[in-house]
Amino acid sequence: MKYMKLGAKPDVFQTEGNIRFVATELATDIVITVGDVKFYLHKFPLLSKSSRLQTLVASTDEEGNDEVDISDIPGGPSAFEICAKFCYGMTVTLNAYNVLAARCAAEFLEMFETIDKGNLIYKIDVFLSSSIFRTWKDSIIVLQTTRSLLPWSENLKVINHCVDSIAAKASIDPSEVDWSYTYNRKKLPSESDPDSHWNGVRKQLTVPRDWWVEDICDLEMGLYKKVILAIKAKGRTAGEVVGEALRAYAYRRLFSTLDSAASNGLDCTRHRAALETIISLLPPERGSVSCGFLLKLVRAACLLGSDETLRGDLVKRIGSQLDRASVSDLLIPASSDENALYNVDLVSSILEEFMVQRNGDDEALEDGESYPASLVSGGDSELALVRLVDGYLAEIAKDPNLPLQKFIAIAEMAPLAARPTHDGLYRAIDMYLKEHPSLTKSEKKRLCGLMDCKKLTAEASSHAVQNERLPLRLVVQVLFFEQLRASASAEAAASDHHPSSALRSLLPGENGNSYGSSRSAATTATTEDDQWGGGMAPASGDTSSFRSMSGLGNNKSGGNGGKAAAKGPLQMPRKMLSKLWSGKASSGENSAGSDTSESPGSVNLEAETKSTHSRNTRHSVS
């Protein structure tokens, strides 16, 4: 910190309560009142430096009064004491904390060069221009003191000088920053690294582009806005750096006290004004502000009841980069008057905006317009969105008051083709079933219809066939596709050892299909099965055998049932699986979408029906 010493005489000012005086043999001849403090001083040294005191003392002499009241002096008693000591020639130290108050008080007292050469105003102006405005830290400190000295600091242009100084330093190339560039941030790892010295000489550290963002967070909102606008006006600072500065300021000055203020029912006018100011300062460049920060802002807007237009603008910005968000960012609490945990409607509108903008970008590309590669929606973007949606569904599924239709609406917004597997969706569906045990059969059918069993991994399938919360039809479907997958793997392994087997699989069989063909299975899977159509219910007489053989039923870890489950659906006889898949004999349902004569392993259904006639009847259907 820069400082300046004025005067050479010793400081003999003394204080007794609210009285301050000069300890000297000469009797005082003037009393100057500043607020509740009285200064007993001498006229000569004061009047030789201050034009205003000359005028005031002249008027009091005519009235026969030796007391002058200047309670309206900026800076109060402490600032006047600095000016008085300067008049006496006593030692005075000026620094960034008191220089502006002294400058405003000197302006009030009219301590100009016309009264005395080398007067206080001149000396302070030299100190400001040669030291304060050239120093990063001091400029910020002085700018902070201007708020209590309005309108004097505004009229003296000190605010503008400080803002210009700060903006100029924040806008220079970081490689040219050679001063101690911050005092709020933690040490960089490189500064604590023992290898940061080479042969005893400290290595040159790389200054980050956002080195200045923490330092200006202490500024009041009005001053902070002036600084950010000045930085943006210079046009030499990247939008990402400005965005990081706004994020740091919002976390320090807004988010840290927002929740407590809202929950305690306090007046949030100041918070609302701060939020609106921060949003108005956001850089217009796409991607200059993180999606997580934007979601924090929209959460604050909902909590503070901000204008719908402001929230709409935030939704549009979030929609342009939603694929970069995290699940925790989307968990925005619902308002107090809603019977829900999370604001699902807001997230739904953000998802809709993402899809609208994505489709718009695709149309623009088709029309020949060019976009930066990082902004073009592609496979990575869609995959990130799908993972985000599935993770979000798993979290909101824990809300017992979440309506089924809202859950389904969110799930259907993600592009189906972008899901390489449906494991995440299965996890969310299972969580919803667990938290909502009162769902009807039709509601379970609608919910589970979101999932494609063909896209479950082996691990998820193994879990699904043992999941008693799932409808039995879905479990059978999972078993069927696991059987097909195992058959395909076995045939592929056999073809590697016996090339003739691969050749034989290409030849037509007796029923017109090639040996080992899965065409019939594909036909079954692509009709009505995905929508829980006919042909999915197992025969009532097969249920007990099905549960015992697939590891469902009485499954205990370490018992026989657990061993069966460990072996998985692949150990189930193919004829039994085909029988369960068809389910025509006793379910009474039409299975227009399946042909059991073509299902793998279905050789003699009539014999199989007879063999299962004596089995236990079905007592319950999931």
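Parameters and conventions
Residues numbered from 1 in each chain as written. Predicted model: local features only at pLDDT ≥ 70, side-chain atom pairs only at ≥ 80, totals over all residues. Heavy atoms only, no water. Helix = DSSP H or I, 4+ residues; strand = E, 2+ residues; numbered from the N terminus. Buried < 20%, exposed > 50% of the residue type's maximum accessible area, 1.4 Å probe, protein only. Contact = heavy atoms within 4.5 Å. Areas by Shrake-Rupley, 256 points an atom, 1.4 Å probe, with all protein chains shown as cover. pLDDT = per-residue confidence, 0-100. Phe/Tyr/Trp six-rings, centres within 6.5 Å; stacked < 30°, edge-to-face > 60°. Lys NZ or Arg CZ within 6 Å of the ring centre and 35° of its normal. Expected span 1.5 Å × (residues − 1). Pairing = 2+ DSSP bridges. Axes fitted to C-alpha atoms, helices over the stretch in contact; angles between N-to-C directions. Parallel < 35°, antiparallel > 145°, perpendicular 65-115°, else oblique. Salt bridge = Lys/Arg side-chain N within 4 Å of Asp/Glu carboxyl O. Core = buried A, V, L, I, M, F, W, Y, C linked by side-chain atoms within 4.5 Å.

1. Re the overall build of the protein
Logical step 1: Helices and strands together make up the secondary structure of the protein, namely 29 helices and nine strands.
Logical step 2: A total of 622 residues make up the protein; the buried ones form 46% of that total.
Logical step 3: Across the protein, the fraction of contacts at a sequence separation of at least 24, relative to all contacts at a separation of at least 6, is 71%.
Logical step 4: As displayed, the protein has an accessible area near 30,900 Å², and 50% of this comes from carbon and sulfur atoms.

2. As for the confidence of the model for the protein
Logical step 1: The predicted model of the protein has a mean per-residue pLDDT of 77, with 71% of residues at 70 or higher.
Logical step 2: Summarising per-element confidence for the protein, the mean pLDDT is lowest in helix α24 (residues 519–525) (35) and highest in helix α4 (residues 99–109) (97).
Logical step 3: Note on residues 368–377: pLDDT under 50 across the span, and twelve contacts to partners over four residues away in sequence or across chains.
Logical step 4: Scored below 50 in pLDDT, residues 583–622 makes 77 contacts in the model with residues more than four places away or belonging to other chains.

3. So, the packing of aromatic side chains
Logical step 1: Scanning the model with the defined rule gives nine aromatic pairs in all.
Logical step 2: Arranged with centres 5.6 Å apart and planes meeting at 80°, the rings of phenylalanine 480 and phenylalanine 481 form a pair that is edge-to-face. Each member of the pair, phenylalanine 480 as well as phenylalanine 481, is classed as buried.
Logical step 3: Grouped by ring-pair contacts, the aromatic residues Tyr251, Phe255 and Phe293 constitute a single cluster.
Logical step 4: Over the ring of phenylalanine 108 we find arginine 52, and its NZ or CZ is 4.0 Å from the ring centre.
Logical step 5: If you follow lysine 296 out to its NZ or CZ, it ends over the ring of phenylalanine 255, 6.0 Å from the centre.

4. Details of helix α3 (residues 76–88)
Logical step 1: Along its 13 residues, α3 runs 19 Å from first to last C-alpha, staying within 8% of the 18 Å computed at 1.5 Å per residue.
Logical step 2: Across the 13 residues of α3, eleven count as buried, placing the element largely inside the fold.
Logical step 3: Within α3, the full set of buried residues consists of Gly76, Ala79, Phe80, Glu81, Ile82, Cys83, Ala84, Lys85, Phe86, Cys87 and Tyr88.

5. Observations concerning unusual backbone geometry
Logical step 1: Put simply, leucine 150 and proline 151 share a cis peptide bond, and its omega is 0°.
Logical step 2: Assignment of secondary structure puts proline 151 in the loop between α6 (136–145) and α7 (152–155).
Logical step 3: Its identity as a non-glycine residue notwithstanding, glutamate 110 has a phi of 60°, on the positive side.
Logical step 4: If you trace the backbone, glutamate 110 turns up in the loop between α4 and α5 (120–130).
Logical step 5: Look at lysine 157: it is not a glycine, yet its phi comes out positive at around 65°.
Logical step 6: Residue placement: lysine 157 occurs in the loop between α7 and α8 (158–171).
Logical step 7: Judged by relative accessible area, lysine 157 falls into the partly exposed class, the value being 47%.

6. Looking at the sheet that holds strand β2 (residues 13–16)
Logical step 1: Ordered by their spatial adjacency, five strands build an open sheet running β2-β3-β5-β4-β6, and the pairing between neighbours is mixed. At either end of the open sheet lies a strand with only one pairing partner, and these are β2 and β6 (67–69). Averaged over all adjacent pairs, the angle separating strand axes in this sheet is 20°, with direction ignored.
Logical step 2: By the bridge criterion, four bridges tie β2 to strand β3 (residues 19–22) in an arrangement that is antiparallel. Counted as the bridge partner of glutamine 14 is phenylalanine 21 from β3.

7. Describing the packing of helix α18 (residues 404–413) against helix α19 (residues 423–435)
Logical step 1: Interaxial distance between α18 and α19 falls to 12 Å at its minimum, and their mutual angle equals 175°. In terms of axis orientation, α18 runs roughly antiparallel to α19. Mapping the contact onto sequence places Leu404, Phe407 and Ala411 in α18 and Leu425, Ala428, Ile429 and Tyr432 in α19.

8. Examining the pattern of salt bridges
Logical step 1: This model, assessed by the stated rule, comprises 19 salt bridges.
Logical step 2: The closest approach of N and O atoms between arginine 485 and glutamate 482, which form a salt bridge, is 2.8 Å. Taken together, the positions of arginine 485 and glutamate 482, both in helix α22 (residues 472–497) and three residues apart, correspond to about one turn of that helix.
Logical step 3: Arginine 485 gets classed as partly exposed once you look at its relative accessible area, which sits at 30%.
Logical step 4: Within the structure, one salt-bridge network assembled from shared partners comprises Asp11, Arg20, Glu81 and Lys85.

9. A look at the nonpolar core
Logical step 1: Ranked by size, the top nonpolar core spans 161 residues in total, and within it Ile32, Leu41 and Trp212 carry the most contacts.
Logical step 2: By residue number, the principal contributor to this core is helix α11 (residues 239–263), which donates eleven residues.
Logical step 3: Residues within four places of leucine 41 in sequence aside, it is in contact with Phe13, Val22, Thr28, Asp29, Ile30, Ile32, Leu46, Phe80, Ala84 and Tyr88.

10. Quick word on the environment of tyrosine 426
Logical step 1: In this fold, tyrosine 426 is placed in helix α19.
Logical step 2: On a C-alpha basis, the gap between tyrosine 426 and alanine 464 in space is 8.5 Å, while along the polypeptide they are 38 residues apart.
Logical step 3: Leave out the neighbours within four places in its chain, and tyrosine 426 touches Met451, Leu456, Ala460, His463, Ala464, Asn467 and Leu470.

11. Quick notes on the environment of isoleucine 408
Logical step 1: For isoleucine 408, the location among the structural elements is in helix α18.
Logical step 2: Accessibility expressed as a relative area gives 2% for isoleucine 408, which makes it buried.
Logical step 3: C-alpha separation for the pair isoleucine 408 and leucine 447, spaced 39 residues apart in sequence, amounts to 6.9 Å.
Logical step 4: Leaving out residues up to four positions away in the same chain, isoleucine 408 has contacts with Arg446 and Leu450.

12. Details of the side chain of glutamate 81
Logical step 1: With respect to the helices, strands and loops of the structure, glutamate 81 is situated in helix α3.
Logical step 2: When its relative accessible area of 14% is taken as the criterion, glutamate 81 is described as buried.
Logical step 3: Setting aside its immediate chain neighbours within four residues, glutamate 81 contacts Phe13, Arg20 and Phe39.

13. So, α4
Logical step 1: Counting buried positions over the eleven residues of α4 gives ten, a clear majority of the element.
Logical step 2: When we look at burial in α4, the residues that qualify are Val99, Leu100, Ala101, Ala102, Arg103, Cys104, Ala105, Ala106, Phe108 and Leu109.

14. Notes on the packing of helix α10 (residues 221–234) against helix α12 (residues 269–281)
Logical step 1: Here α10 crosses α12 at 0°, and the two axes come no closer than 11 Å. Our classification of the angle between α10 and α12 gives roughly parallel. Within the contact between the two elements, α10 uses Met221, Lys225, Ile228, Leu229 and Lys232 and α12 uses Ala274, Thr277, Ile278 and Leu281.

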